[in-house]
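# Architecture at a glance
If you want the building blocks of each chain, they are given just below.
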Amino acid sequence: MGYLISILLSILLWPVDILEPWSVDPPPPGVETAPLDPRQDNFDTPKPLGPVGKVELYGLATYEIEARILSRRRYRLDLTPGWWGTGASPIDLTVGWGPMSDTAMTQHVSFKNFSRMAWATSKIDIFNRDIRSTYANMHMIPITRDVRRQLLALRPNQTVKMTGYLVELRQDGETRMRSSMSRHDGDNLRDCEIMYVTALEVLPPPSAG
């Protein structure tokens, strides 16, 4: 059934997929391009960060992550419940670190993004607790137009370093969306981190070092 759903989604999303940039060449297997876990420092109380689009952002934690881009989706017209009308997040990234940044693992897995969620088909078990904690689907909110441009230019198989905040979105004093705060608090492809990105750097491939 999962294979059939994957085929149907691929057919339905094909007109959108062709607008997404092609992947760069993957690094050779046996190399973790992003070996470290994300670094997160939670705040005692939410920290006001100012308005973005039609919402106010509140920081829940500082966040720094080095990760391999597994898939991406740009949302030019976002009709997803919760996000509709916010104008805050133009792109989602599904990312991996540790073993999920190694081509030896990723060559067996395919990720797709749709409706602010990610979907995975895999020839190996990536849903056990240990592996599941090494990838995530993330909603990205850029701090500036330059960071937005950098985010939109990212391509699968690149490794990126991003710093910023995990955030909550409020409108008229009410919480509209809130970031996941743990890699063990639900489904990593649907219970997502919302990251306010203040800086971004594409890291060189292993062969460049």
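Just above, that's the structure.
Description of the structure in this document.

## Considering the overall build of the protein
Check the secondary structure of the protein and you find 4 helices and 9 strands. The secondary structure elements of the protein, listed N-terminal to C-terminal, are α-β-β-β-α-β-β-α-β-α-β-β-β. When burial is assessed residue by residue, the protein has 44% of its 209 residues classed as buried. Expressed as a percentage of contacts within the protein between residues at least 6 apart in sequence, the contacts between residues at least 24 apart total 77%. In the structure as shown, the protein presents an accessible area of about 10800 Å², 56% of it carried by carbon and sulfur atoms.

## A few points about the pairing of strand E5 (residues 117-122)
Sheet analysis places strand E4 (residues 109-114) next to E5, joined by 6 bridges and oriented antiparallel. Its bridge partner being in E5, Phe111 is matched across the sheet by Ala120.

## Some thoughts on the pattern of salt bridges
The full count for this structure, using the stated rule, is 6 salt bridges. Measuring nitrogen to oxygen at the nearest pair gives 2.4 Å for the salt bridge that ties Asp92 to Arg116. With Asp92 in strand E3 (residues 91-96) and Arg116 in the loop between E4 and E5, the pair connects residues that are 24 residues apart, well separated along the chain. You'll find Asp92 and Arg116 in the same group, each marked buried. Between Glu168 and Arg170 there is a salt bridge whose closest N-O contact spans 2.5 Å.

## Notes on the packing of aromatic side chains
The full count for this structure, using the stated rule, is 2 aromatic pairs. Taking 6.2 Å as the distance between ring centres and 45° as the angle between the ring planes, the aromatic pair formed by Phe43 and Tyr165 counts as tilted. Here the residue Phe43 occupies a position in strand E1 (residues 39-52), and Tyr165 occupies one in strand E7 (residues 159-171), the gap between them amounting to 122 residues. The buried category is assigned to Tyr165, whose relative accessible area is 18%.

## What to know about the nonpolar core
Membership of the largest hydrophobic core comes to 23 residues, with the highest contact counts inside it found for Ile65, Leu93, Met140, Leu151 and Met162. Considering each element in turn, this core owes the most residues, 5 residues, to strand E2 (residues 55-74). If we ignore the near neighbours within four places in the chain, the residues touching Met140 are Ala88, Ser89, Pro90, Ile91, Asp92, Leu93, Leu151, Met162, Met195 and Val197.

## Some details on unusual backbone geometry
In this structure, Asn157 is a non-glycine residue whose phi angle is positive, near 85°. Inspection of the secondary structure puts Asn157 in the loop between helix H4 (145-153) and E7.

## Brief notes about a nonpolar patch on the surface
Together, Leu77, Leu79 and Trp84 make up a nonpolar patch on the protein surface, roughly 420 Å² of accessible area in all. You can see Trp84 is positioned in the loop between E2 and E3. We classify Trp84 as exposed; its relative accessible area is 55%.

## Observations regarding H4
For H4, the set of buried residues is Val147, Leu151 and Leu152. Taken end-on, H4 shows its buried residues confined to a sector of 135°, consistent with a single buried face. Contacts made by the buried residues of H4 are with E2, E3, strand E6 (135-142), E7 and strand E9 (193-203).

## What to know about the side chain of Asp92
A residue is classified by how much of its surface remains accessible, and Asp92, at 0% relative accessible area, is buried. Separated by 2.4 Å, the side chains of Asp92 and Arg116 make a polar contact. Aside from chain neighbours lying at most four places away, what touches Asp92 is Ser71, Arg72, Arg73, Tyr75, Asn113, Arg116, Asn137, Met138, His139 and Met140.

The rules behind the values
- Residues numbered from 1 in each chain as written.
- Predicted model: local features only at pLDDT ≥ 70, side-chain atom pairs only at ≥ 80, totals over all residues.
- Heavy atoms only, no water.
- Helix = DSSP H or I, 4+ residues; strand = E, 2+ residues; numbered from the N terminus.
- Buried < 20%, exposed > 50% of the residue type's maximum accessible area, 1.4 Å probe, protein only.
- Contact = heavy atoms within 4.5 Å.
- Areas by Shrake-Rupley, 256 points an atom, 1.4 Å probe, with all protein chains shown as cover.
- Pairing = 2+ DSSP bridges.
- Salt bridge = Lys/Arg side-chain N within 4 Å of Asp/Glu carboxyl O.
- Phe/Tyr/Trp six-rings, centres within 6.5 Å; stacked < 30°, edge-to-face > 60°.
- Core = buried A, V, L, I, M, F, W, Y, C linked by side-chain atoms within 4.5 Å.
- Patch = residues over 30% accessible without salt bridge, like charges linked within 9 Å, V, L, I, M, F, W, Y side chains within 5 Å.
- Arc of directions from axis to C-beta.
- Polar contact = N/O pair within 3.5 Å; in protein donor to acceptor, adjacent residues only side chain to side chain.

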